[in-house]
Amino acid sequence: VELDPNFALAYANLGQAETNIFETELGEEYTRKAYELRDRTNETERLYVDTHYADNVTGDELKAIELYKTWADEYPQDYIPVNNLSVAYSRIGDWNQALDWTTRAMALAPDDVIVNYARAAAYLGLNRFDDVKNVISQAMAKGLDTPRFHWILYFAAFAQNDRTAMEHEASYVTKFKPDTIAGVLMLEGLTGAYHGKLGGAG
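Residues numbered from 1 in each chain as written. Predicted model: local features only at pLDDT ≥ 70, side-chain atom pairs only at ≥ 80, totals over all residues. Heavy atoms only, no water.

Asks: Explain helix α7 (residues 113–125) to me, please; I cannot follow it from the model alone.
Replies: Residues spaced three or four apart along an α-helix face the same direction, because each turn holds 3.6 residues. Across its 13 residues, α7 extends 18 Å between first and last C-alpha, which sits within 8% of the 18 Å expected from 1.5 Å per residue. Extensive coverage of α7 is indicated by the burial of 10 of its 13 residues. Buried within α7 are the following residues: V115, N116, Y117, A118, R119, A120, A121, A122, Y123 and L124. Contacts from the buried residues of α7 go to α5 (79–91), α6 (95–108), α8 (129–141) and α9 (147–159). The N-terminus of α7 is capped by D112, whose side-chain oxygen sits 3.0 Å from the backbone nitrogen of I114. Two residues or fewer past α7, N127 is found with a positive phi of approximately 60°. (Helix = DSSP H or I, 4+ residues; strand = E, 2+ residues; numbered from the N terminus. Expected span 1.5 Å × (residues − 1). Buried < 20%, exposed > 50% of the residue type's maximum accessible area, 1.4 Å probe, protein only. Contact = heavy atoms within 4.5 Å. Polar contact = N/O pair within 3.5 Å; in protein donor to acceptor, adjacent residues only side chain to side chain.)

Take a look at the structure:
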């Protein structure tokens, strides 16, 4: 955008990148800017802009799903709309659809870290905790890793009341960027609150 302040897709990608690291206000700002410039895009770029606008600005997941399906139908080898359909269905709690779409995404991009994360998240939503662990274990065996893997493993351990695993994941994730430590503390605080330890949940 420094080179071309009217480059819509650059703003859209910035918006998604910021959203992915939980800078949601900045992500929304960039995505709005991309949407304002959408007339400067080609067909595939506009699909990207429109879907992410529905996802990250209006929060209209049903509209996002409709647009992602159009994108996936028109470009069947593009894993992004397929994987994002899994994420969109996860957001509305339709875990079976989420798993179905992430299975398709895995066939297209088995070594993408976000695709593997989405698959693990779908299994988590279905309470298939061993499958959560298997997906992440296989991904990490290929050299893939992200703090999100360890948050998912933390939730799976919590659901199975496995304190040792919870502590391991909370400790492990701090090797990433410092801002992930806040996420670990939040998880531990929520866990403490769940077990009635409100004094340590602030």
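More follows now that the structure is in view.
Asks: So what exactly am I meant to see when it comes to the packing of helix α2 (residues 24–36) against helix α3 (residues 43–58) here?
Replies: Two quantities define a packed helix pair, namely the angle between the helix axes and the distance between the axes. Running from amino to carboxyl end, α2 crosses α3 at an angle of 145°, the nearest separation of the two axes being 9 Å. α3 is crossed by α2, and the crossing has left-handed handedness. Contacts from E28, T31, R32, A34 and Y35 in α2 reach V49, D50, H52, Y53, N56 and V57 in α3. For the contact of α2 with α3, a count of residues per class yields five nonpolar, three polar and three charged. (Axes fitted to C-alpha atoms, helices over the stretch in contact; angles between N-to-C directions. Left-handed = near helix turned anticlockwise from the far one by under 90°. Nonpolar A, V, L, I, M, F, W, Y, C, P; charged D, E, K, R; others polar.)

Asks: Just to check I follow, could you spell out the pattern of salt bridges for this structure?
Replies: Evaluation of the coordinates by the stated rule reveals nine salt bridges. Here E61 ties to R91 by a salt bridge, and the two come within 3.2 Å at their closest N and O atoms. Of this pair, E61 sits in helix α4 (residues 61–74) while R91 sits in helix α5, and the two are 30 residues apart along the sequence. For R91, a relative accessible area of 45% translates into the label partly exposed. Here R128 and D131 are joined by a salt bridge, their closest N and O atoms 2.8 Å apart. (Salt bridge = Lys/Arg side-chain N within 4 Å of Asp/Glu carboxyl O.)

Asks: In this structure, what is going on with the nonpolar core? I would like to understand it.
Replies: In terms of nonpolar packing, the biggest core is built from 42 residues, with L85, V132, I136 and I152 touching the most fellow members. Sorting the residues of this core by element identifies α1 (8–20), α3, α4, α5, α6, α7, α8 and α9 as the ones contributing at least two each. Ranked by residue count, the leading element in this core is α7, at seven residues. Not counting the four nearest positions on each side in its chain, I152 is found in contact with Y117, A120, A121, L124, V132 and I136. (Core = buried A, V, L, I, M, F, W, Y, C linked by side-chain atoms within 4.5 Å.)

Asks: So what exactly am I meant to see when it comes to unusual backbone geometry here?
Replies: With glycine set apart, most residues show a phi of negative sign, and most peptide bonds adopt trans. Not every positive phi belongs to a glycine, and N127 is a case in point at roughly 60°. Classification of N127 as exposed rests on a relative accessible area of 54%. A positive phi angle is found at N161, which is not glycine, with a value near 55°. In this fold, N161 is placed in the loop between α9 and α10 (163–172). In this structure N161 comes out as exposed when scored by relative accessible area, which is 54%.

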